[in-house]
Amino acid sequence: MKKIFLCVLVFASFNVFSQKATIAKTVNVNQQRLQQRISELEKFGKDSTGKGYRIAYTKGDQQGRAWFIDLMKKARLEVTIDYAGNIIGKRKGKNPLLKPITFGSHLDMVPDGGNYDGCVGSIGALEIIEVLNENKIVTDHPLEVIIFSNEEGGTIGSMAMSGHITAEGLKQVSQSGVTMGEGTRAIGGNPDSIQNSVRKKGDIKAFLELHIEQGGILEKENIQIGVVEGIVGIIHWEITVDGFANHAGTTPMNMRQDALLASAKLIVAVNEVINSYAGRQVGTIGKIAAQPGAYNVIPGKVTMGLEIRDLSYDKIWTLFHDIEKSAASIATASGTTITFIHQANESKPALTAKTIQETIVASAKALGFTTKVMQSGAGHDSQEIALIAPVGMIFIPSIGGISHSPKEFSKTRDMVNGTNVLLQTILKLDKEQ
Ligand code: HGY
Ligand code: MN
Ligand code: MN
């Protein structure tokens, strides 16, 4: 009798297990809901010219966040905002002792940016919860959807979570004109106790981020899913060029201390230094302002923003020191003074977890997708979270390789593919203890 009972029990549990595995395999994300939410999100933060402005901490950002939080609550997530302004949506698992599997991205954007950078990963993360709810799947691990604050301004929210934001970093002025600390408060965080948002190594089982590639490799090579192996480091410097403002009509050409002319030479020098090394490093002067800014006044002062990126942190500094040398000779020749101020909120290069790369590849291949293991030339919250937990990133193609532009676009089909790979990867990770 006992033997029969045992066989029935084994058969039944095997049946449940294989049933669960089958459900998991056949579960699909909802294409229509994904597309509809991407289009809806685009509405927030439009300025009078219709440009997308969900720059971190602005009204547009706050409206977009409020809209998303409402959707999270409707998906029965337990939503909180941590001290760094990160939005966290929790879903209970069967075993509360297991560490959470976390996934998400960011909603803020660059000035006049596109509607896919950060949005695909955020809306995709919420889609996972919707689909699990609809299919009545409860994972063993607790799940957390995390929407990081101010990713574009230096991965501020994830930097706080990894314990690397500093008092100096909070004083840094953000793209919206307020300091990082003031902005954090504006979105519901508390910069005075920001250390309370820190997660330590071991607190999270894994963090996964679905993101657009923001480059043209996947499209060019006709590959459906990118599997990120490493994310570049990013360092910024504020540059000030001090010359001497003077009358543009009466000052002879050989008696000028023209800050803008010196700046122009420095911009060329930056480009020459970066191109003088083999490798995939990049360097950009992305913003410039000349004072006083009149036709008939020789610019006396120029401020610029320098950014250098590479997978090697040391190489970034080597490139910077070469640029400093070029600046010194330009300053001497032009009678100007050139100073560099290193910005505290720098991102270090990070590698993703090999095991998670393999799980993403297996999930993508099981769904019949082509894959490519690749580096990310864009920075991401994942590189901060990689300091405290194993991370994985899934890329989908950016059409034309365009990003940080209103022309940024990814196909619905690719968003669906990426979100399905994210879902299957989460379900696979959930089976690990
Ligand atoms: O700048 C970046 O690489 C990212 O899109 N924040
Ligand atoms: Mn991004
Ligand atoms: Mn971006």
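Residues numbered from 1 in each chain as written. Chains lettered and ligands numbered in written order. Predicted model: local features only at pLDDT ≥ 70, side-chain atom pairs only at ≥ 80, totals over all residues. Heavy atoms only, no water.

1. A short note on the overall build of the protein chain
Worth spelling out the cut-off: Every helix listed is a DSSP run of H or I at least four residues long, and every strand listed is a run of E at least two residues long, numbered separately from the N terminus. For this measure, only C-alpha atoms enter the radius of gyration; the expected value for a globule follows 2.2 Å times N^0.38, where N is the number of residues. Using a 1.4 Å probe on the protein chains alone, a residue whose accessible area is under 20% of its type maximum counts as buried, one over 50% counts as exposed, and one in between counts as partly exposed. Method for areas: the Shrake-Rupley scheme with a 1.4 Å probe, in which residue coverage is limited to the protein chains shown. Positive charges come from Lys and Arg alone, negative charges from Asp and Glu alone, with His and the N- and C-terminal ends not counted. Charged groups are reduced to one reference atom each: NZ for lysine, CZ for arginine, CG for aspartic acid, CD for glutamic acid.
Per the secondary structure count, the protein chain includes 13 helices and 15 strands. The C-alpha atoms of the protein chain give a radius of gyration of 24 Å, which matches the 22 Å a tight globule of 433 residues would have. For the protein chain, buried positions account for 53% of its 433 residues. For the protein chain, the exposed area adds up to about 19500 Å²; of that, 58% sits on carbon and sulfur atoms. Averaging the positions of the 45 positive and the 43 negative side-chain charges in the protein chain gives two centres separated by 8 Å.

2. Focus on the domain arrangement of the protein chain
The cut-off we apply is this: Start and end positions for the domains come from either an automated domain assignment or a database one. Two residues form a contact once any of their heavy atoms are found within 4.5 Å. By buried area we mean how much accessible surface two parts lose on assembly, using a 1.4 Å probe and totalling the loss over both. Each reported salt bridge corresponds to a side-chain nitrogen of Lys or Arg within 4 Å of a carboxyl oxygen of Asp or Glu. In protein, a polar contact means a hydrogen-donor-capable atom and an acceptor-capable atom, both N or O and within 3.5 Å, with residues adjacent in sequence counting only if both atoms are side-chain atoms; elsewhere, any N or O pair within 3.5 Å suffices. Ten residues, namely Ala, Val, Leu, Ile, Met, Phe, Trp, Tyr, Cys and Pro, are considered nonpolar, four, namely Asp, Glu, Lys and Arg, are considered charged, and the remaining ones, Gly among them, are considered polar.
By the assigned domains, the protein chain splits into domain 1 (15–232 + 349–430) and domain 2 (233–342). Contact with domain 1, which involves 9 residues of that partner, is made by 8 residues of domain 2. Summing both sides of the interface, domain 1 and domain 2 together bury roughly 750 Å²; the carbon and sulfur share of this comes to 61%. A per-residue breakdown of the area domain 1 buries against domain 2 is headed by Val232, Pro349 and Gln375, which together make up 64% of the total. Our count for the contact surface shared by domain 1 and domain 2 stands at 0 salt bridges. Linking domain 1 with domain 2 are 2 residue pairs in polar contact (both at pLDDT 80 or more). A per-class count over the side of domain 1 that touches domain 2 returns 4 nonpolar, 5 polar and no charged.

3. Considerations on the site of ligand 1
Convention followed: If a single non-hydrogen atom of a residue is within 4 Å of a molecule or strand, that residue counts as near it.
Every residue near ligand 1 is listed here: Asp117, Glu151, Glu152, Gln214, Arg309, Ala378, Gly379 and His404. Between ligand 1 and the protein, one listed contact pairs a nitrogen atom with a side-chain N or O atom of glutamate 152 at 2.8 Å. Within the complex, the protein chains bury 90% of what would otherwise be the 210 Å² of accessible surface of ligand 1. Taken together, the residues of the shell around ligand 1 break down into 1 nonpolar, 3 polar and 4 charged.

4. Quick notes on the sheet that holds strand E12 (residues 337–342)
This is how it is decided: A pair of strands counts as paired when DSSP detects no fewer than two bridges linking them. The convention used is that axes are lines fitted to C-alpha atoms, helices contributing only their stretch in contact, and that angles between N-to-C directions extend from 0 to 180 degrees.
Across the sheet, 4 strands lie side by side as E9-E11-E7-E12; this open sheet has antiparallel pairing. The open sheet terminates on both sides in strands that have one partner only, identified here as strand E9 (282–291) and E12. Averaged over neighbouring strand pairs, the angle between their axes works out to 20 degrees when direction is ignored. Of the pairings in the sheet, the one linking strand E7 (residues 233–242) to strand E11 (residues 301–310) comprises 10 bridges and is antiparallel in character. When the bridges of E11 are listed, glutamate 238 appears paired with glycine 305. Against the sheet, helix H9 (residues 259–275) contacts E7, E9, E11 and E12, and its axis sits at roughly 10 degrees relative to E11. Here helix H10 (residues 313–334) sits on the sheet and contacts E7, E11 and E12; the angle it forms with E11, its principal contact strand, is near 150 degrees.

5. Digging into a nonpolar patch on the surface
Selection rule: Nonpolar side chains (Val, Leu, Ile, Met, Phe, Trp, Tyr) within 5 Å and like charges within 9 Å form the patches, drawn only from residues with over 30% relative accessible area and no salt bridge.
On the surface, Leu260, Ile267 and Ile288 cluster together to form a nonpolar patch covering roughly 220 Å² of accessible area. If you trace the backbone, leucine 260 turns up in helix H9. In this structure leucine 260 comes out as partly exposed when scored by relative accessible area, which is 33%.

6. Overview of the pattern of salt bridges
Within this structure, the stated rule accounts for 16 salt bridges. Taking the shortest distance from any N to any O, the salt bridge between aspartate 140 and lysine 94 comes out at 3.8 Å. Taken as a pair, aspartate 140 in the loop between helix H4 (119–134) and strand E4 (143–148) and lysine 94 in the loop between strand E2 (87–91) and strand E3 (101–106) lie far apart in primary sequence, 46 residues in all. Look at aspartate 140 and you get buried, because its relative accessible area is 18%. Overlapping salt bridges bring together Arg33, Glu127 and Glu134 as one network.

7. So, the coordination of the manganese ion (ligand 2)
Geometry sets the ideal angles at a metal, namely 109.5 degrees for four tetrahedral donors and 90 or 180 degrees for six octahedral donors. Convention followed: Each metal's donors are the N, O and S atoms within 2.8 Å of it, or within 3.2 Å when it is Na, K or Ca, and because water is not part of the set, sites may look incomplete.
Protein coordination at the manganese ion (ligand 2) comes from His106 (NE2), Asp117 (OD) and His211 (NE2), with a distance range of 2.1 to 2.3 Å. One chain supplies every donor to the manganese ion (ligand 2), and in sequence these donors are spaced H-x10-D-x93-H. A separation of 3.6 Å is found between the manganese ion (ligand 2) and the manganese ion (ligand 3), both of which receive a donor from aspartate 117. Taken as a pair, histidine 106 in strand E3 and aspartate 117 in the loop between E3 and H4 lie far apart in primary sequence, 11 residues in all.

8. Quick word on the side chain of threonine 371
With respect to the secondary-structure elements, threonine 371 resides in strand E14 (residues 371–376). Within the local environment of threonine 371, its side chain forms a polar contact with the side chain of lysine 365, the two groups lying 3.3 Å apart. Contacts of threonine 371, omitting those with residues within four sequence positions, involve Ile223, Ile225, Val227, Val361, Ala364 and Lys365.

9. Considering the pairing of E4
Definition in use: By convention a crossover is right-handed if, when the strands point away from the viewer, the path from the first strand over the helix to the second runs clockwise.
Within E4, 6 of the 6 residues are buried, leaving the element largely enclosed by the surrounding structure. Residues of E4 alternate between two faces, with Leu143, Val145 and Ile147 on one and Glu144, Ile146 and Phe148 on the opposite face, all of them buried. Examined bridge by bridge, E2 and E4 share 5 bridges and lie antiparallel to one another. Bridge pairing in E4 places isoleucine 87 opposite isoleucine 147. Taken together, the 6 bridges between E3 and E4 define a ladder with parallel strand orientation. Directly across from glycine 104, in E4, lies its bridge partner isoleucine 146. On the question of chirality, the crossover connecting E3 to the parallel E4 by way of H4 is right-handed.

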